[in-house]
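# Descriptive analysis of the structure
Given next are the chains, with one letter for each unit.
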Amino acid sequence: MLAELRSLQNTALQELAGVESPEALETWRQSFLGKKGQLTTLLRGLGALPAEQRPEAGRMANETKQALEAAYAEREEALRGQMAERDLTASALDVRLPGRPPALGHLHISTQTLREIYAIFGSMGFDILTSSEVEDDVTNFQMLNIPPDHPARDMWSTFYLTRPGLLLRTHTSPGQIHAMHKYHPEPFRVILPGKCYRYEQVTTRSEEQFHQVEGMAVGRNITMADLKGVLAHFAHRMFGSERAVRFRPSYFPFTEPSAEVDISCMLCGGEGHVAGEPCRVCKKTGWVEILGCGMVDPNVFRAVGYDPEAYTGFAFGLGVERVAMLKYGIGDLRMFFENDVRFLEQFS
Ligand SMILES: [Zn+2]
């Protein structure tokens, strides 16, 4: 009996050492410690022993049982650790949370449009020049052929500053004067972007400002054909090569002759109507205006010191928000300045 117990214990512990899974462990438990297990069967035989051998055999049997149960618990614990380790390293499911990405901002639609304009004129050799938003009356008006009391001043509703003679520029055109001073007497090509201010724009407090881009080319033998080539190329790059472009006579005090540039309407394709209804974008004309332009007036050249007999040039001005509205079908100028994220994030 004692030898059998010792033999059983050795066999059981040996087998337990080879157990590698919870299923195998359970099979081992039933095989040795279960109701029909080998140890249980052996213990049942205790009653058949002679009375003097029973106490010794009973004690040994208990020791064997405790040893196997302890070994079982230890192995179970070790297996559980191994399984958890394997789950963490080999499982297809990664239970770690990814980090939360920060919300990225993007450039405002006005800035994006400005940069597109820079790129188009940059490819035609135009430099970018910036100038002050606070101007004097002489540069903003008088040197551009708009003397005091000239009726053309009604075209610009001006914010005058408390210091006499100073104002917030009403257009980027005074940049033409700064450019000519800067490059005189050399030929040059520049665009002059920036913010302008007019109180006619005010319907809420945020709308007294808007962006313009002025452009100017000065040199010898520059003609109206150069103006038309440059601006038609710009219109096609910005709005699509399928757009028709036309130059319509107009008036500006600082250019002669002057023109407005129109492109065929993007909504109706120049037809003037959509599905039998009058087109709401071009108001039935088939054309939308994109900018004003003209040949530099000799008086403007004289004011800065370029000889109008030797130099010619052209100038143009366009509204950045207007370009974006036409290009993206934006219906209301106020959206550019309201900072409504629902509007702005459409242009990321
Ligand atoms: Zn139309």
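Notes on the structure in this doc start here.

Rules used throughout
Residues numbered from 1 in each chain as written. Predicted model: local features only at pLDDT ≥ 70, side-chain atom pairs only at ≥ 80, totals over all residues. Heavy atoms only, no water. 1 Å grid on protein atoms, 1.4 Å probe; cavity = no way out; pocket = protein on both sides within 12 Å on 5 of 7 lines; lining within 4 Å. Points joined across faces, edges and corners; volume = space filled by probe spheres on them. Helix = DSSP H or I, 4+ residues; strand = E, 2+ residues; numbered from the N terminus. Nonpolar A, V, L, I, M, F, W, Y, C, P; charged D, E, K, R; others polar. Patch = residues over 30% accessible without salt bridge, like charges linked within 9 Å, V, L, I, M, F, W, Y side chains within 5 Å. Areas by Shrake-Rupley, 256 points an atom, 1.4 Å probe, with all protein chains shown as cover. Salt bridge = Lys/Arg side-chain N within 4 Å of Asp/Glu carboxyl O. Buried < 20%, exposed > 50% of the residue type's maximum accessible area, 1.4 Å probe, protein only. Polar contact = N/O pair within 3.5 Å; in protein donor to acceptor, adjacent residues only side chain to side chain. Contact = heavy atoms within 4.5 Å. Axes fitted to C-alpha atoms, helices over the stretch in contact; angles between N-to-C directions. Parallel < 35°, antiparallel > 145°, perpendicular 65-115°, else oblique. Left-handed = near helix turned anticlockwise from the far one by under 90°. Donors = N, O, S within 2.8 Å, 3.2 Å for Na, K, Ca; no water. Tetrahedral: all angles 85-135°; square planar, octahedral: opposite > 155°, others 65-115°. Core = buried A, V, L, I, M, F, W, Y, C linked by side-chain atoms within 4.5 Å.

### Points about the layout of surface pockets
In this structure, the largest pocket spans a volume of roughly 660 Å³. Considering the residues around the largest pocket, the lining is formed by 31 residues, among which Arg-198, Gln-212, Gly-317, Leu-318 and Gly-319 are closest to the centre. Those elements giving two or more residues to the lining of the largest pocket turn out to be strand 5 (209-219), strand 7 (255-264), strand 10 (287-296), strand 11 (312-319) and helix 10 (320-328). Top contributing element to the lining of the largest pocket by residue count: strand 10, with six residues. For the lining of the largest pocket, a count of residues per class yields 14 nonpolar, 11 polar and six charged.

### Focus on a nonpolar patch on the surface
A cluster of nonpolar residues, Leu-88, Leu-93 and Val-95, forms a patch on the protein surface that exposes about 370 Å² of accessible area. Tracing the chain through its elements places Leu-88 in helix 4 (residues 54-90). When its relative accessible area of 69% is taken as the criterion, Leu-88 is described as exposed.

### Some points on the side chain of Asp-262
Considering the arrangement of structural elements, one finds Asp-262 in strand 7. A polar side-chain atom of Asp-262 sits 2.9 Å from a polar atom in the side chain of Arg-246. At a separation of 2.8 Å, a polar atom in the side chain of Asp-262 contacts the side chain of Arg-248. If we skip the residues at most four places from it in the chain, Asp-262 touches Ala-244, Val-245, Arg-246, Arg-248, Trp-287, Val-288, Glu-289 and Ile-290.

### Observations concerning the packing of helix 5 (residues 109-122) against helix 8 (residues 224-239)
The geometry of helix 5 relative to helix 8 is characterised by a closest axis approach of 10 Å and an angle of 135° between their N-to-C directions. Classed by the angle they form, the pair helix 5 and helix 8 counts as oblique. Crossing hand, helix 5 versus helix 8: right-handed. Note on element contacts: helix 8 touches helix 5 through Val-230, Leu-231, Phe-234, Arg-237 and Met-238, opposite Thr-113, Glu-116, Ile-117, Ala-119, Ile-120 and Phe-121.

### Points about the coordination of the zinc ion
Here the zinc ion is held by Cys-265 (SG), Cys-268 (SG), Cys-279 (SG) and Cys-282 (SG), and the distances to it run 2.2 to 2.3 Å. Considering all four donor atoms around the zinc ion, angles at the metal cover 104 to 116° and the coordination shape is tetrahedral. We note that the donor set of the zinc ion lies within a single chain, spaced as C-x2-C-x10-C-x2-C. In this pair, Cys-265 sits in the loop between strand 7 and strand 8 (273-274) while Cys-279 sits in the loop between strand 9 (277-278) and strand 10, placing the two residues 14 residues apart along the sequence. For Cys-265, a relative accessible area of 0% translates into the label buried.

### Observations concerning the side chain of Arg-198
For Arg-198, the position within the fold is in the loop between strand 4 (188-197) and strand 5. Side-chain polar atoms of Arg-198 contact the backbone oxygen of Thr-170, separated by 2.8 Å.

### Focus on the nonpolar core
With 35 residues, the main nonpolar core has Phe-121, Leu-231, Leu-291, Phe-314 and Phe-316 as its most contacted residues. If you list the elements that add at least two residues to this core, you get helix 5, strand 5, helix 8, strand 7, strand 10, strand 11 and helix 10. At seven residues, the largest contribution of residues to this core is made by helix 8. Filtering out sequence-adjacent residues up to four positions away, Phe-314 remains in contact with Phe-126, Gly-215, Met-216, Ala-217, Ile-222, Asp-226, Leu-227, Val-230, Gly-294, Met-295 and Val-296.

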